[in-house]
Structures are given as C-alpha cells and as structure tokens.
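# Observations on chain architecture
One letter stands for each residue in the lines below.
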Amino acid sequence: MLHIDIISVVPDLLESPFSHSIMKRARDRGLLEVDVINLREYAVNKYGQVDDYAFGGGAGMVMMVEPVDRCIADLKVKRNYDEVIYMSPDGELLDQPLANRLSLTGNLIILCGHYKGVDERIRQHLITREVSIGNYVLSGGELAAAVLVDAIGRLLPGVLNDETSALSDSFQDGLVAPPVYTRPADYQGWPVPDVLLSGHEAKIAEWRLQQAIERTKERRPDIWQDFENQEGKH
Ligand code: ADE
C-alpha cells in the first residue's frame, strides 16, 4: 500500500483526479491512499495567511516556512516518509523510471507550490526531492501533483486488471507503444493492418515490436538513443 499526503492551498483542485477510473479503483482496492491537506489549517493567523511578500522586493507572494514546517511535522508524527517531494518546474524531470522508483515506496508527501514559489528554506531543510512534469510553468503544483500520483498509482501491483498491461506501456521497455486498433476492421475504407487480423501470435508480436522501433526512431530520437545505448550494454 502506498500512502500519499498532498499539501495544498487549493485542495479542491485535487478532489476529482483521484476519484475516477483507475485511481478510484486503486483506492477502492486499498492499494493507494491519497490524503489532501489544506495548508490553511496551519496558517500563521486567523485570516488564513500562508504567504507573504518577498524579502528584497519583487512581484508575487512567497509561501511561508512556518505553515509548511508545522504541517509536515504533524504528518511525521504518524508516519515515516520515504520522500518529501516539492513540485517545481526546476525539479528533476518526471519520466517512467522515476515513476517506477517512486511506486516502490511506502509513504510520500507532495508539497504543491503557489504564488512566486516557496521560501527557499523549505526546499533546503524540509524537501528531499523536487520533481517537474515538463519544461513549462503551471500556475500551481496541484495539477503536476495529480500527474505524478497518477503515473505512480497505476504502477502499484493489482491496480491494473491485466498486470502485464503496464509493462506494455510506452517507455516501459524503452520504446513508445505500437499502434492499436479495434472494430470495425474496415471503417469507410480505412482498414486495420492485415497482420492483426491473422490470428498469428508470433507475427503480431514481431509486427508490434517493429512498429514500436520505427515509431521511437521517428518520433522520439532522444529515447531511441537511450534504447540503443542500453541494448549495446547487454
Ligand atoms: N509547478 C509549476 N509548474 C510546474 C511544473 N512544470 N512541474 C511541476 N510543478 C510545477
């Protein structure tokens, strides 16, 4: 079971992402627990203040150390955490190997930033890992946290019905996924490749591998480079 506490100033943003489809199933099966903590419960005054002006001036508010420190301290009373993650565009880029690694942990805290960011002392003293979901800036860490939890949660054993299906995902074997088709076999003159209708399992597997290789070379030369380097080592 993986337990994730997400600290946010906009907890409503995180209601829906884990209440449907595969994330709902993961929670219903007791494989994933997600708690969203409203940082305002740890505000420094009765007005719910959790941010303040930046020392030295400049536009934008900064999330204060104290509420985050007290919130994390409270959480740590109940659990030992493997990582305290801060979602940030200057963090380590999320990829499949990182999702795989995090899916093997037991307890995680994810802090969602807002405004102009968080007081640097939070990052220095409380955060153990910083994760970015891509080279673009979101208005807050919540949607990024939802992406991270989804990518991790679906990897937990027992979440996907066919356990092999996460193994055939894009990136899981270092290649992007081959194309897939469903009925009808011919839609208004747009046919499905014959081999997929042949019933010949070995030929189908070979075709899928070839397609995955061609697609990776064409669409993701960066990933293809990594794949070739890996293969070279074996
Ligand atoms: N917060 C704002 N932008 C982000 C990004 N790209 N990844 C993670 N957290 C973020």
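Residues numbered from 1 in each chain as written. Predicted model: local features only at pLDDT ≥ 70, side-chain atom pairs only at ≥ 80, totals over all residues. Heavy atoms only, no water.

## Some thoughts on the sheet that holds strand S7 (residues 129-132)
- Read across the sheet, 5 strands follow the order S2-S1-S6-S5-S7 without closing on themselves; strand pairing throughout is parallel. Each edge of the sheet is formed by a strand with only one pairing partner; in this case those strands are strand S2 (32-38) and S7. Along the sheet, successive strands turn relative to each other by an average axial angle of 30°, direction set aside.
- Against the sheet, helix H2 (residues 65-78) engages strand S1 (2-8), S2, strand S5 (83-93) and strand S6 (107-112), with an angle of about 160° to S1. (Pairing = 2+ DSSP bridges. Helix = DSSP H or I, 4+ residues; strand = E, 2+ residues; numbered from the N terminus. Axes fitted to C-alpha atoms, helices over the stretch in contact; angles between N-to-C directions. Contact = heavy atoms within 4.5 Å.)

## Overview of unusual backbone geometry
- A cis amide bond links Arg-183 with the next residue in sequence, Pro-184, at an omega value of 5°.
- Within the secondary structure, Pro-184 sits in the loop between helix H5 (142-153) and strand S8 (186-187).
- One non-glycine residue, Gln-188, adopts positive backbone phi at about 45°.
- Along the chain, the position of Gln-188 falls in the loop between S8 and strand S9 (190-191).
- Classification of Gln-188 by relative accessible area gives exposed; the value is 66%. (Buried < 20%, exposed > 50% of the residue type's maximum accessible area, 1.4 Å probe, protein only.)

## Brief notes about the state of the cysteines
- For the coordinates displayed, the defined rule picks out 0 disulfides.
- Summary of cysteine pairing: Cys-71 is not part of a disulfide, and the nearest cysteine sulfur, belonging to Cys-112, is at 11 Å.
- The buried category is assigned to Cys-112, whose relative accessible area is 0%. (Disulfide = S-S within 2.5 Å.)

## A word on the site of the ligand
- The environment of the ligand is formed by Met-87, Ser-88, Pro-89, Val-131, Ser-132, Ile-133, Gly-134, Tyr-136, Val-137, Leu-138, Gly-140 and Ala-144.
- Between the ligand and Ile-133, the relevant distance is 3.0 Å, taken from a nitrogen atom to a main-chain nitrogen or oxygen of the residue.
- Starting from 260 Å² of accessible surface for the ligand in isolation, the protein chains cover 96%.
- Mapped by element, the contributors of at least two residues to the shell around the ligand are S5 and S7.
- Partitioned by chemical class, the residues of the shell around the ligand number 8 nonpolar, 4 polar and no charged. (Near = heavy atom within 4 Å. Polar contact = N/O pair within 3.5 Å; in protein donor to acceptor, adjacent residues only side chain to side chain. Areas by Shrake-Rupley, 256 points an atom, 1.4 Å probe, with all protein chains shown as cover. Nonpolar A, V, L, I, M, F, W, Y, C, P; charged D, E, K, R; others polar.)

## Description of the pattern of salt bridges
- Inspection of the entire model under this criterion finds 10 salt bridges.
- In this structure, Glu-130 engages Arg-123 in a salt bridge whose closest nitrogen and oxygen atoms are separated by 2.8 Å.
- One network of salt bridges, in which partners are shared, links Glu-83, Glu-92 and Arg-129. (Salt bridge = Lys/Arg side-chain N within 4 Å of Asp/Glu carboxyl O.)

## Overview of the packing of helix H3 (residues 96-103) against H5
- Look at H3 against H5: their axes get within 8 Å of each other, and the N-to-C directions meet at 70°. The pairing of H3 with H5 is recorded here as roughly perpendicular in orientation. Only Leu-148, Ala-151 and Ile-152 of H5 make contact with H3, whose side of the interface consists of Ala-99, Leu-102 and Ser-103.
- Along the lines of polarity and charge, the residues of the contact of H3 with H5 split into 5 nonpolar, 1 polar and no charged. (Parallel < 35°, antiparallel > 145°, perpendicular 65-115°, else oblique.)

## Let's talk about the side chain of Ser-132
- Mapped onto the fold, Ser-132 is located in strand S7.
- Apart from residues lying up to four places away in sequence, Ser-132 is in contact with Ser-88, Pro-89, Gly-91, Glu-92, Leu-93 and Leu-94.

## So, the packing of aromatic side chains
- As enumerated under the stated definition, the model contains 2 aromatic pairs in all.
- Taking 5.5 Å as the distance between ring centres and 25° as the angle between the ring planes, the aromatic pair formed by Trp-224 and Phe-227 counts as stacked. On the criterion of helical spacing, the pair formed by Trp-224 and Phe-227 is a turn pair, its members being 3 residues apart in helix H7 (residues 221-233).
- A relative accessible area of 15% places Phe-227 in the buried class. (Phe/Tyr/Trp six-rings, centres within 6.5 Å; stacked < 30°, edge-to-face > 60°.)

## Here we look at the packing of helix H6 (residues 201-219) against H7
- Interaxial distance between H6 and H7 falls to 5 Å at its minimum, and their mutual angle equals 125°. Between H6 and H7, the angle falls in the class oblique. For the pair H6 and H7, contact is made by Ile-213, Thr-216, Lys-217, Glu-218 and Arg-219 and by Pro-221, Ile-223 and Trp-224, respectively.
- Along the lines of polarity and charge, the residues of the contact of H6 with H7 split into 4 nonpolar, 1 polar and 3 charged.

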